[in-house]
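Summary of the model geometry
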Amino acid sequence: EAGVAQSPRYKIIEKRQSVAFWCNPISGHATLYWYQQILGQGPKLLIQFQNNGVVDDSQLPKDRFSAERLKGVDSTLKIQPAKLEDSAVYLCASSPDTGELFFGEGSRLTVL
Amino acid sequence: GQQLNQSPQSMFIQEGEDVSMNCTSSSIFNTWLWYKQDPGEGPVLLIALYKAGELTSNGRLTAQFGITRKDSFLNISASIPSDVGIYFCAGRRAGNMLTFGGGTRLMVKP
């Protein structure tokens, strides 16, 4: 069974530029999550989708971050404009009804 | 911010030793998950716990869901070099939100 796919694996941008990350969850998983993991810390939830609806985006900095899952399958996370403190690994995860999360390899963002 | 207190933050042990780490919280959780993360990779699920008092093993790993539902423990027996990595606990409360601990960095000396 294919795992959670994410791209790009690495991205380097300058502050105030924009960036987008893509995620394709495990087939059949209705719930999709985006997490931000700053170096040395545990993952922090940014947004959770159930099919194509948002369940929780309370910790998403909505002035610069946006995410969508238009057809209830793959998802994109966008940052515009990026700040230095956005440097982190952005992890996508999906889960079946059991609630166990399965993570992708992550997209590492460096903002200069 | 983080609501799970995970300890220890790091451990440096000799190969063959047993390892214990734990997560505590002031909140009650319905599910506890334990993950391992290698450098440059996403977290990989090790063990999932769904009931208070539950004790579950996965090879040399054993995890327990605390009776109070506010804590969980992970034990690794007879550690080997490939156990090196960062171990995260994660707890799920009612409402489906999963919260992660700060991680325990494990280093194993051959």
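Below is a short write-up of the structure. (Residues numbered from 1 in each chain as written. Chains lettered and ligands numbered in written order. Predicted model: local features only at pLDDT ≥ 70, side-chain atom pairs only at ≥ 80, totals over all residues. Heavy atoms only, no water.)

**Focus: the layout of surface pockets**
The test is simple: A 1.4 Å probe that fits into a set of points on a 1 Å grid over the protein atoms alone but cannot get out defines a cavity; an open set with protein on both sides within 12 Å along at least five of seven lines defines a pocket, and lining residues are those with an atom within 4 Å of a point. Grid points are joined across faces, edges and corners, and a volume is the space filled by probe spheres set on the points. Each helix corresponds to a stretch of at least 4 residues labelled H or I by DSSP, and each strand to a stretch of at least 2 residues labelled E; elements are numbered beginning at the N terminus. Residue polarity follows a fixed list, in which Ala, Val, Leu, Ile, Met, Phe, Trp, Tyr, Cys and Pro are nonpolar, Asp, Glu, Lys and Arg are charged, and the others, Gly among them, are polar.
Space inside the largest pocket adds up to approximately 550 Å³. Surrounding the largest pocket, 31 residues form its lining, L39, G40 and R108 of chain A together with Q37 and I86 of chain B being those nearest its centre. Mapped onto the lining of the largest pocket, the elements with two or more residues apiece are β9 (88-95) and β11 (107-111) of chain A together with β9 (85-92) and β11 (104-109) of chain B. The element contributing the most residues to the lining of the largest pocket is β11 of chain B, with 4 residues. When the residues that make up the lining of the largest pocket are grouped by side-chain class, the tally is 12 nonpolar, 13 polar and 6 charged.

**Focus: the interface of chain B and chain A**
Just so we agree on the cut-off: By definition, residues are in contact when any of their heavy atoms lie within 4.5 Å. Buried area is understood as the total, over both parts, of accessible area removed when two parts are fitted together, assessed with a 1.4 Å probe. Any Lys or Arg side-chain nitrogen located within 4 Å of an Asp or Glu carboxyl oxygen qualifies as a salt bridge.
Taken residue by residue, the interface counts 19 residues in chain B and 21 residues in chain A. Here chain B packs against chain A, burying approximately 1600 Å² in sum over the two surfaces, 47% of which is carbon and sulfur. It is P43, M97 and F100 of chain B in chain B that bury the most area against chain A; as a group they hold 26% of the surface buried on that side. Counting every contact that joins chain B to chain A gives 0 salt bridges. Looking at the side of chain B that touches chain A, the elements that each hand over two or more residues are β4 (31-37), β5 (44-49), β9 and β10 (98-100) of chain B. At 3 residues, the largest contribution of residues to the side of chain B that touches chain A is made by β4 of chain B.

**Notes on the sheet that holds strand β3 (residues 19-24) of chain A**
Residues and elements named next belong to chain A. Short version of the rule: In this scheme, strands are said to pair when DSSP sees at least two bridges between them. Here an angle of 0 to 180 degrees is reported between the N-to-C directions of two axes, which are lines fitted to C-alpha atoms, with helices fitted over the stretch in contact.
The strand order across the open sheet formed by 4 strands is β1-β3-β8-β7, and the pairing between neighbours is antiparallel. Taken across any chain shown, the strands that pair with only one partner, and hence form the sheet edges, are β1 (5-7) and β7 (65-68). Here the strands of the sheet are splayed against their neighbours by 15° on average, with no regard to which way each runs. Bridging between β7 and strand β8 (residues 75-79) involves 4 bridges; their strand directions are antiparallel. By the bridge assignment for β8, A67 is matched with L77.

**Describing the side chain of R69 of chain A**
Residues and elements named next belong to chain A. Operational definition: The cut-offs for exposure are 20% and 50% of the maximum accessible area for each residue type, with area from a 1.4 Å probe on protein chains only; residues under the lower value are buried, those over the upper are exposed, and the others partly exposed. Counted as positive: Lys and Arg. Counted as negative: Asp and Glu. His and the chain ends are not counted at all. N or O atoms within 3.5 Å of each other form a polar contact, as long as, within protein, one can give a hydrogen and the other can take it, and as long as residues adjacent in sequence are counted only when both atoms are side-chain atoms.
Along the chain, R69 falls in the loop between β7 and β8. It turns out R69 is buried and unbridged, and the closest side chain with the opposite charge, D74, is 6.9 Å from it. There is a polar contact of 3.3 Å between the side chain of R69 and the backbone oxygen of H29. From its side chain, R69 meets the backbone oxygen of A30 in a polar contact 2.5 Å long. In this structure, R69 is in contact with P25, H29, A30, T31, L32, F49, Q50, N51, N52, D74 and S75, ignoring residues within four places of it in sequence.

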